[in-house]
Amino acid sequence: MARIVMKFGGTSMAGTERIRRVAGLVRRQAAPKEDGAGDEVAVVVSAMAGETDRLVNFCREANASYDPAEYDVVVSSGEQVTSGLLAITLQGLGCRARSWLGWQLPIRTAEAHAKARIAAIDGAALGAAMAAGEIAVIPGFQGVSDEGRVTTLGRGGSDTSAVAIAAAVGADRCDIYTDVDGVYTTDPRIVAKARKLKAVTYEEMLELASVGAKVLQTRSVGLAMKEGVRVQVLSSFTSDEDAAADTLPGTLIVSEEEMNRLVEDGTMERQLVTGIAHDKNEAKLILTRVPDRPGAVAHIFAPLAAAHINVDMIIQNVGRDKGETDVTFTVPQSDLPRAQALLEDKREEIGFGRIISDSRIAKISVVGVGMKSHAGVAATMFRALADRGINIQAISTSEIKVSVMIDEDETELAVRVLHTAYGLDAKD
Ligand code: ADP
Ligand code: ASP
Ligand code: MG
C-alpha cells in the first residue's frame, strides 16, 4: 500500500466524459492490490480547460483595474466546480470520496493575491481521511490568506498545490496527469520528432519550466526539489489496457544521484543538452542615450525591482559619442505597460533619450546539466541559428542554460533547428 497524490490538469477535466475517465483512473489507483490493501489517494484538480481564461476575462470586462482579492474569488471558482464534480462522479462509481476546499484544509498562503505562495498546509485531517479509505478531492490553484480570504497561486498553480499536498501528507509519489505522456526534449506540439524522457533531474526541470516549458509550473518543481517529493508526469488520455501509473510509464523527476544511477544501469543516455524551451511572453525595452557612468544602470533597475517587475536579459551596448549608451532588457509582457510608466516617471533621474518597446520577441533556451563540464554548447547554438539566417538580439547564460532572444516569427523554426543540431530528434 502506498500514499499517492494524483493531479489532473484542465484538458483532463474538460467535461463530464473526461471527468468520468479521471474517476476511473482514481478508482484503479485506490482499488485493493494483490496484498489486499488499496492505496491511500488524494486528488488535486484544475478547472476545465479554458475556464480560468474565461473567468479572467470576466474580471477584465468588469473593471480593468480590478481588485486582486476579488479576482481570486472569481478565478478560483473553476476548481471548486471540478472538485465537486469529481467527488460526485467517484461516488457514482461506488467510491467513498469528498471534496476539501482550500480554506477547509486549510492551505495557508502568504504574499500577494493572484500570485500567492503556499506557506503551510495542515495535513492532519487530510491524512486521517485518506488513512480511513476516503478519497480526498482538492481544488488546485487556491488557498486562504491570513485574513481568511481566498487566494490563488498564479497560472498553472495546481501543479504546485499537488506537490505541496504530497509533501504535507508524506506521499510516496505525486503523479501529474496531463495531455502528453511525459516530459519531452521539447514541446511535442511544436516538434513532432521530440523524444520522451524517462527521467529528468529536478535542476534541469526547474530550469526548463522557468524558461517556458509549461508542462509543470516552475514553483512546483522548486518545491518538489526542496521537499524531496517524487514526481511523475504522465497522460490521463489512456485506456484500461495501458500500463498503470505504478509501472512508471511517464517521466520521473529525479535527483542528480538517481539520474547517475539510471545512466549507469543503461536506462538513460547522458546527453549534453536535455531539452529546449521557448517563451513568447517577454517583451524587450530599449532605453536610448543613457549616460555612460557609474550608477546609471542602478537608476533604471531599482524602480523596476521595487515594483516586483522581473527583469530577465540585459545588455548594455558599447558606449557611443558624448558618453552615452543604449540599455536593452526584457520584462514579462504583462508588466510592460507598468515598466514603461515607471521609467517615464524616472526620466529626469535616469536621463535617457527614448524608450523603445517590442513585444514581438521570443526567448529560446537550451538546458542540460552536461553543460557544466562541456564547452561548445553555446557555439553550436549560434552556428545553427546563423546557418538558417536567424538573428540573435540578446544572449544570457547560466551554469546549465543558454538563452537567446530572437524575432517571435522565427520561434518554431529556431526550436526545430536546435533540436536537430543537438542530436535530439527521435529516430524514424
Ligand atoms: P495541464 O492542463 O494538464 O496542466 P499544461 O497545458 O499546463 O497541462 O501542460 C501540458 C502542455 O505542456 C503540453 O500539452 C505541451 O504542449 C506543453 N509542453 C511544453 N513543453 C513541453 C515539454 N518539454 N514536454 C512535454 N510537454 C510540454
Ligand atoms: N486553472 C488554473 C490555470 O489555468 C490553474 C491550473 O490549471 O494549474 O492557471
Ligand atoms: Mg499546467
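Scroll up for the structure.
Every value quoted in this text rests on a predicted model; they were computed, and no experiment measured them. (Residues numbered from 1 in each chain as written. Chains lettered and ligands numbered in written order. Predicted model: local features only at pLDDT ≥ 70, side-chain atom pairs only at ≥ 80, totals over all residues. Heavy atoms only, no water.)

Chemist: Would you explain the environment of Val-377 in this entry?
Modeler: Tracing the backbone through its elements, the reader meets Val-377 in helix H13 (residues 377–387). Linking Val-377 and Val-367, residues 10 residues apart in sequence, is a C-alpha distance of 9.6 Å. Apart from the residues within four sequence positions on either side, Val-377 is in contact with Leu-272, Val-273, Val-366, Met-371, Val-402 and Tyr-422. (Helix = DSSP H or I, 4+ residues; strand = E, 2+ residues; numbered from the N terminus. Contact = heavy atoms within 4.5 Å.)

Chemist: Help me understand the sheet that holds strand S14 (residues 282–291), please; the structure alone is not making it clear to me.
Modeler: By way of backbone hydrogen bonds, the strands of a sheet pair with one another, either parallel or antiparallel. Across the sheet, which stays open at both edges, the four strands sit in the order S15-S16-S14-S17 with antiparallel pairing between neighbours. Either end of the sheet is taken by a strand with one partner, and the two such strands are strand S15 (314–316) and strand S17 (355–358). Neighbour-to-neighbour, the strand axes of this sheet turn through a mean angle of 15 degrees, independent of strand direction. Pairing between S14 and strand S16 (residues 324–332): eight bridges, direction antiparallel. Opposite Ile-286, over in S16, you have Thr-328 as the bridge partner. Relative to S16, helix H10 (residues 296–306) is tilted by about 20 degrees, and along the sheet it contacts S14, S15 and S16. (Pairing = 2+ DSSP bridges. Axes fitted to C-alpha atoms, helices over the stretch in contact; angles between N-to-C directions.)

Chemist: Explain the packing of aromatic side chains to me, please; I cannot follow it from the model alone.
Modeler: Following the criterion strictly, the structure yields three aromatic pairs and no others. Ring centres of Tyr-66 and Tyr-71 lie 5.2 Å apart, and the angle between their planes is 10 degrees; this geometry places the pair in the stacked category. Its guanidinium or amino end placed over the ring of Phe-237, Arg-18 lies 3.8 Å from that ring's centre, counting from NZ or CZ. (Phe/Tyr/Trp six-rings, centres within 6.5 Å; stacked < 30°, edge-to-face > 60°. Lys NZ or Arg CZ within 6 Å of the ring centre and 35° of its normal.)

Chemist: Would you take a moment to explain the site of ligand 2 for this structure?
Modeler: Lining the immediate environment of ligand 2, one finds Ser-46, Thr-52, Glu-79, Phe-141, Arg-155, Gly-156, Gly-157 and Ser-158. Contacts to ligand 2 include Ser-158, whose backbone N or O atom sits 3.0 Å from an oxygen atom. When ligand 2 sits alone it has 270 Å² of accessible area, and the protein chains cover 86% of it. Per-class residue counts for the shell around ligand 2 are one nonpolar, five polar and two charged. (Near = heavy atom within 4 Å. Polar contact = N/O pair within 3.5 Å; in protein donor to acceptor, adjacent residues only side chain to side chain. Areas by Shrake-Rupley, 256 points an atom, 1.4 Å probe, with all protein chains shown as cover. Nonpolar A, V, L, I, M, F, W, Y, C, P; charged D, E, K, R; others polar.)

Chemist: What is the right way to look at helix H5 (residues 124–131) in this model?
Modeler: Every α-helix carries 3.6 residues per turn, so stepping three or four residues along brings you back to the same face. Among the residues of H5, those classed as buried are Leu-126, Gly-127, Ala-129 and Met-130. One side of H5 carries all its buried residues, which in axial view fall inside an arc of 165 degrees. Turning to H5, the residues buried within the fold contact strand S1 (3–8), strand S2 (40–45), strand S6 (135–139) and helix H6 (158–168). Gly-133 occupies a position one or two residues after H5 and carries a positive phi of about 90 degrees. (Buried < 20%, exposed > 50% of the residue type's maximum accessible area, 1.4 Å probe, protein only. Arc of directions from axis to C-beta.)

Chemist: How do you make sense of the site of ligand 1 when you look at a structure like this?
Modeler: In the region of ligand 1, 16 residues are neighbours, and Thr-178, Asp-179, Tyr-184, Asp-187 and Arg-189 sit closest. Lys-7 is positioned with one of its side-chain polar atoms (N or O) 3.2 Å from an oxygen atom of ligand 1. With respect to ligand 1, the side chain of Arg-189 contributes an N or O atom lying 2.9 Å from an oxygen atom. The fraction of the free accessible surface of ligand 1 (570 Å²) that becomes covered by protein chains is 87%. Class assignment of the residues belonging to the shell around ligand 1 gives a composition of six nonpolar, five polar and five charged.

Chemist: Where do I start with H13 in this structure?
Modeler: Within the span of H13, buried status applies to Val-377, Met-381, Ala-384 and Leu-385. Down the axis of H13, the smallest arc covering the buried residues is 95 degrees, so these residues share one side. Opposite its buried face, H13 presents the exposed residues Arg-383 and Asp-387, each directed more than 90 degrees away. Gly-389, located one to two residues past H13, shows a positive phi value of around 70 degrees.

Chemist: How do you make sense of the state of the cysteines when you look at a structure like this?
Modeler: Every disulfide links exactly two cysteines, by a covalent bond between their sulfur atoms. With the rule as written, the count across this model stands at zero disulfides. Between Cys-174, a cysteine without a disulfide, and Cys-95, which holds the nearest cysteine sulfur, the sulfur-to-sulfur distance is 20 Å. (Disulfide = S-S within 2.5 Å.)

Chemist: Just checking my understanding: could you explain the sheet that holds strand S19 (residues 394–398) for this structure?
Modeler: Here four strands make up an open sheet; going across it, the order is S13-S18-S20-S19 and the pairing antiparallel. The open sheet has two free edges, formed respectively by strand S13 (275–279) and S19, since each of these has just one partner strand. Averaged over all pairs of adjacent strands, the angle between their axes in this sheet comes to 20 degrees, without regard to strand direction. Here strand S18 (residues 361–367) pairs with strand S20 (residues 401–407) via seven bridges, running antiparallel.

Chemist: Before we go on, may I ask you to explain the pattern of salt bridges in this structure?
Modeler: Proximity of charged atoms lets side chains of opposite charge pair with each other. Tallied over the entire structure, the rule returns 25 salt bridges. Where Glu-408 meets Arg-360, a salt bridge forms, and the shortest distance between an N and an O atom there is 3.1 Å. One end of the pair, Glu-408, is in the loop between S20 and helix H14 (411–421); the other, Arg-360, is in the loop between S17 and S18, with 48 residues separating them in the sequence. Of the residues examined, Glu-408 reaches a relative accessible area of 17% and is grouped as buried. Of the residues examined, Arg-360 reaches a relative accessible area of 42% and is grouped as partly exposed. (Salt bridge = Lys/Arg side-chain N within 4 Å of Asp/Glu carboxyl O.)

Chemist: Hey, could you run me through a nonpolar patch on the surface in this one?
Modeler: Among the surface-exposed residues, Val-81, Leu-85 and Ile-88 lie close enough to one another that they form a single nonpolar patch of about 250 Å² accessible area. With respect to the helices and strands, the residue Leu-85 is situated in helix H4 (residues 77–92). What makes Leu-85 partly exposed here is its relative accessible area of 32%. (Patch = residues over 30% accessible without salt bridge, like charges linked within 9 Å, V, L, I, M, F, W, Y side chains within 5 Å.)

Chemist: Even after reading the chapter, I still don't get empty space enclosed by the protein, so can you show me in this structure?
Modeler: Empty space among the atoms can be located by rolling a probe the size of a water molecule over them. If you walk through the whole model with that rule in mind, you get one cavity of 30 Å³ or more. Looking at the largest cavity, its volume works out to about 30 Å³. Together, Val-163, Leu-216, Ser-220, Val-221, Ala-224, Val-231 and Ile-253 line the largest cavity. At three residues, the largest contribution of residues to the lining of the largest cavity is made by helix H8 (residues 218–227). Here the residues of the lining of the largest cavity sort into six nonpolar, one polar and no charged. (1 Å grid on protein atoms, 1.4 Å probe; cavity = no way out; pocket = protein on both sides within 12 Å on 5 of 7 lines; lining within 4 Å. Points joined across faces, edges and corners; volume = space filled by probe spheres on them.)

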